[in-house]
Amino acid sequence: MLIAATFPLSLTGQNAASFARYDSLSYDDYQRRDWKQLIANAEQALSEGYDSYYLRMRLGIAFLETFKPALAEKHFRKALAMTTDDRNAKYFLFKALSYQLKTVESGHLFQTMDANTQWATGLNSGFKPVAAHLDAGYSTGNSIENRSFEALSGEHGLYGQEYAERDNLIYDAGFHFQPSPAWLFYVGGQHIGIETNDRFATREFALQRDSIISIGSAKAYYFHPEAAESIRDFAHDLQQNSVYVQAQWAGSDRWSLVAAMHLLKVRRGFTVSTPGTTNLTDTSYYNASDGRLEHYTFEVPTVNFNDISWNTTDYSLSLHGRFHFGRLSALVGLGRASFNDTSLLQLNAGYQFLPLCNLQLVHQGEIFILSYGRKPHFAYRASLAWKATRRLSLESDLLAGAINNLSEQYGYIVYNNPENIRFKVEVSAAWLISPHLQLQLRYRLRQAEQPFRYAIPENTNLQSDSYLIESNTFIGGIKWIF
């Protein structure tokens, strides 16, 4: 009984002494601003089972001071759980979230603070402009003019056709603003003007004279029909104007929702061909003495061309969720869209990871599932952003798989292209030339399968095939940060 009574007391005393030691060490490190040593001592204390509000707060501040806000967030949350509604823990958690650009999540936390703590954050609770940007770009399209008759019409050389989008100009502008701390809006507009080309490979028939036989004053003419290879190009343009709206709202300081809408008005002209027949006529017999005249008439196949215009309104609607677990965030999304009269459903899931526990290096991966044409289509996106210096930021992005009809970046970019895109690689650089002005330059390489159709003998249906093409896009812009 004596041992049982005294052992817990002596152990408790030893724990208290050890805890007091670690508390003293961490406080001394905090006073001396020795963040590295503070982190080592505090993590040692936690590993041995010693924990407290002050230990968590000091450790969180040390991680803030060493530019690791994702780790700081974890410890401020622990401190807040120990002292519910603590103003200091809320203040520093707000800072950790803001340093990770969790804008609306930190805004939600802001709304739970008392007036004095809100004032200390420096955040305005009313309307706040965030950023505005203006971009212009040029894209090189598909060079189909060098495609030969044989390549377009296939091995039989009867008929072929293709439609291609060539060079185009891109203009884009947008504005980010916060009507309140827990809400973030983006509104923008885009204009794309594209040169298009409808190309046809056909055989055009003409009468070729074989011989002339003279009989007195009369002459008999003999002919045969001969088909010559012909390439017909019909130039048109495509105008696409669109508006984009995004609303992000935080339901807590751990998750947020993003609702997005993209409306596109597309107007384009194109040429269609229809098969037909025509008669070729020439003189077959002529007698100069009596004026008698006769003609040969040959019926041959021909192709008729007609220009028509087409207008459509496309849309992309989506709802996305962002759930944060320290330096890892889960991304999920559901979208509904209609492009070129094709209705589709889109699901996406992914993650965002901060390898260095801050925004100096950000990796994101995402899987897309699109349902249209009675079967699923899959695509994958991976990106890496690196803040190389205080002013220079670099980013690379890869998108591969079934990209056609895909919406990405919360529906900001949609791929309603005629060719079958295989993958897209993009690199960009942003240079902060002042606290408010940023210059941006982006290059995009896209590889796709250009479809074409051709005829074969004794078959009324055209056959489909494709060949590989590449396009290059250069986009430059400016961004004003309020």
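Given the structure is predicted, the values throughout are model-derived calculations rather than measurements.

Parameters and conventions
- Residue positions are counted from 1 within each chain, in the order its sequence is given.
- Restriction of local features to residues with pLDDT of at least 70 applies here, the model being predicted, together with a cutoff of 80 or more for giving and counting side-chain atom pairs; totals for whole chains, interfaces and linings are based on all residues.
- Side-chain metrics in this entry use all non-hydrogen atoms of the structure; hydrogen atoms and water are not considered.
- Each patch is built from residues that are more than 30% exposed by relative accessible area and take part in no salt bridge. Like charges join if they lie within 9 Å; nonpolar side chains (Val, Leu, Ile, Met, Phe, Trp, Tyr) join within 5 Å.
- Surface exposure here means Shrake-Rupley accessible area, sampled with a 1.4 Å probe, where a residue is shielded only by the protein chains that are shown.
- When a carboxyl oxygen of Asp or Glu lies within 4 Å of a side-chain nitrogen of Lys or Arg, that pair is called a salt bridge.
- In this text, helices come from DSSP runs of H or I with a minimum length of four residues, and strands from runs of E with a minimum of two, each type numbered from the N-terminal end.
- Throughout this description, buried means an accessible area under 20% of the type-specific maximum (1.4 Å probe, protein chains only), exposed means over 50%, and partly exposed covers the range between.
- Two strands qualify as a pair provided that DSSP identifies no fewer than 2 bridges between them.
- Working definition of a nonpolar core: buried Ala, Val, Leu, Ile, Met, Phe, Trp, Tyr and Cys residues. They are joined through side-chain atoms within 4.5 Å.
- We call two residues in contact when some of their heavy atoms are within 4.5 Å.
- Only rings of Phe, Tyr and Trp enter the pairing, Trp through its six-membered ring, and a pair is recorded when the two centres are within 6.5 Å. The plane angle decides the type: under 30 degrees is stacked, over 60 is edge-to-face, the rest tilted.
- Whether a charge sits over a ring depends on NZ of Lys or CZ of Arg being within 6 Å of the ring centre and within 35 degrees of the ring normal.
- To estimate how far a helix should reach, multiply one less than its number of residues by 1.5 Å.
- By the criterion applied in these results, polar contacts are pairs of N or O atoms within 3.5 Å in which, for protein atoms, one can donate a hydrogen and the other can accept it, and in which residues neighboring in sequence qualify only through two side-chain atoms.

What is the right way to read a nonpolar patch on the surface from this model?
Residues Phe323, Phe325, Leu328, Val332, Leu334, Leu345, Leu347, Tyr351, Ile367, Ile369, Phe378 and Tyr380 make up a contiguous nonpolar surface patch of roughly 1,000 Å² in combined accessible area. If you list the elements that add at least two residues to the nonpolar patch, you get β6 (292-325), β7 (328-339), β8 (342-353), β9 (361-372) and β10 (375-387). Within the secondary structure layout, Val332 lies in strand β7. Overall, the relative accessible area of 40% leaves Val332 in the partly exposed class.

How should I be thinking about the pattern of salt bridges in this particular structure?
Where side chains of opposite charge bring their charged atoms close, a pairing between them can arise. For the structure shown, the criterion picks out 27 salt bridges. In this structure, Arg232 and Glu204 form a salt bridge, with 3.8 Å as the shortest nitrogen-oxygen distance. Note that Arg232 is positioned in strand β4 (residues 218-250) and Glu204 in strand β3 (residues 183-215), a separation of 28 residues in sequence. Classification of Arg232 as partly exposed rests on a relative accessible area of 31%. You can call Glu204 partly exposed: its relative accessible area is 37%. A salt bridge links Asp397 to Lys424; the nearest nitrogen and oxygen atoms lie 3.5 Å apart. Placement of the pair is Asp397 in strand β11 (residues 392-401) and Lys424 in strand β14 (residues 420-432), with a sequence separation of 27 residues. Look at Asp397 and you get buried, because its relative accessible area is 6%. Taken together, the shared-partner salt bridges in this structure form one network comprising Glu366, Arg381, Asp397, Glu408, Lys424, Glu426, Arg442 and Arg444.

Would you mind going over the pairing of β8 with me for this structure?
For a regular strand, side-chain orientation follows a simple rule: the groups alternate between the two sheet faces. Looking at chain direction, β7 and β8 are connected through 12 bridges and run antiparallel. Counted as the bridge partner of Ala330 is Tyr351 from β8. Across nine bridges, the pairing between β8 and β9 is antiparallel. Along β9, the bridge assignment pairs Asn348 with Phe368.

Explain the side chain of Asn417 to me, please; I cannot follow it from the model alone.
The residue Asn417 is located in the loop between β13 (413-414) and β14 in this model. Given the relative accessible area of 17%, Asn417 is considered buried.

What am I meant to see in the nonpolar core here?
Within soluble globular proteins, side chains that are nonpolar generally end up buried alongside one another. With 28 residues, the main nonpolar core has Met57, Ala72, Phe76, Ala89, Leu93, Phe94 and Leu109 as its most contacted residues. Residue assignment for this core shows that the elements contributing at least two residues are α2 (35-47), α3 (53-65), α4 (69-82), α5 (87-99) and α6 (103-111). Per-element tally for this core: the top contributor is α3, with eight residues. With residues near it in sequence (within four places) discarded, Phe94 still touches Ser106, Leu109, Phe110, Met113, Thr121 and Leu123. Phe149, Ala201, Phe368 and Ile469 belong to the second-largest nonpolar core, a separate cluster that totals 27 residues.

I keep staring at the pairing of strand β1 (residues 128-140) and nothing clicks. Help me out?
Pairing of β1 with strand β2 (residues 160-180), which is carried by 11 bridges, proceeds in the antiparallel orientation. Within the sheet, the bridge partner assigned to Leu134 lies in β2 and is Ala173. As paired strands, β1 and strand β16 (residues 463-481) are joined by 10 bridges and run antiparallel to one another. Residue Leu134 lies in a different strand from β16, and its bridge partner there is Ile478.

Explain the packing of aromatic side chains here, please?
Think of a pair of aromatic rings as described by two things: how far the centres are apart, and how the planes are tilted against each other in angle. Summed over all chains, the structure comprises 25 aromatic pairs. Seen in terms of ring centroids, Tyr244 and Tyr412 are 5.5 Å apart; in terms of plane orientation they differ by 80°. Their pairing is edge-to-face. Here Tyr412 lies in the loop between β12 (407-408) and β13 and Tyr244 lies in strand β4, a separation of 168 residues in the sequence. Judged by its relative accessible area of 3%, Tyr244 is buried. An aromatic cluster of three or more residues is present, and its members are Phe127, Phe175, Phe177, Trp183, Phe185, Trp249, Trp255, Phe323 and Phe482. Lying across the ring of Tyr22, Arg21 places its NZ or CZ 5.3 Å from the centre. The ring of Tyr163 carries Arg268 above its face, with NZ or CZ at 4.7 Å from the centroid.

Help me understand unusual backbone geometry in this model?
Trans peptide bonds make up most of the peptide bonds, and negative phi angles are found at most residues other than glycine. Despite not being glycine, Asn405 has its phi angle at roughly 70°, a positive value. In this structure, Asn405 sits in the loop between β11 and β12. If you check the backbone angles, Gln409 has positive phi at about 55° while not being a glycine. Residue placement: Gln409 occurs in the loop between β12 and β13.

Whenever I open this one, α3 confuses me. Can you help?
Since the α-helix advances by 3.6 residues per turn, residues separated by three or four positions end up pointing in the same direction. With 13 residues, α3 extends 18 Å from end C-alpha to end C-alpha; this agrees with the ideal 18 Å at 1.5 Å per step. In terms of residue burial, α3 counts as a mostly covered element, since 11 of its 13 residues are buried. Where α3 is concerned, the buried positions are Tyr53, Leu55, Arg56, Met57, Arg58, Leu59, Gly60, Ile61, Ala62, Phe63 and Leu64. Once α3 finishes, Phe67 follows within two positions and takes phi at roughly 60°, a positive value.

How do you make sense of the side chain of Arg446 when you look at a structure like this?
Tracing the backbone through its elements, the reader meets Arg446 in strand β15 (residues 437-454). Exposure remark for Arg446: the relative accessible area of 17% places this residue in the buried category. Polar contacts involving the side chain of Arg446 include one to the side chain of Glu419, which spans 3.1 Å. If near-sequence neighbours (up to four positions away) are discounted, Arg446 is found in contact with Asn417, Glu419, Ile421, Phe423, Lys424, Ile469, Glu470 and Ser471.

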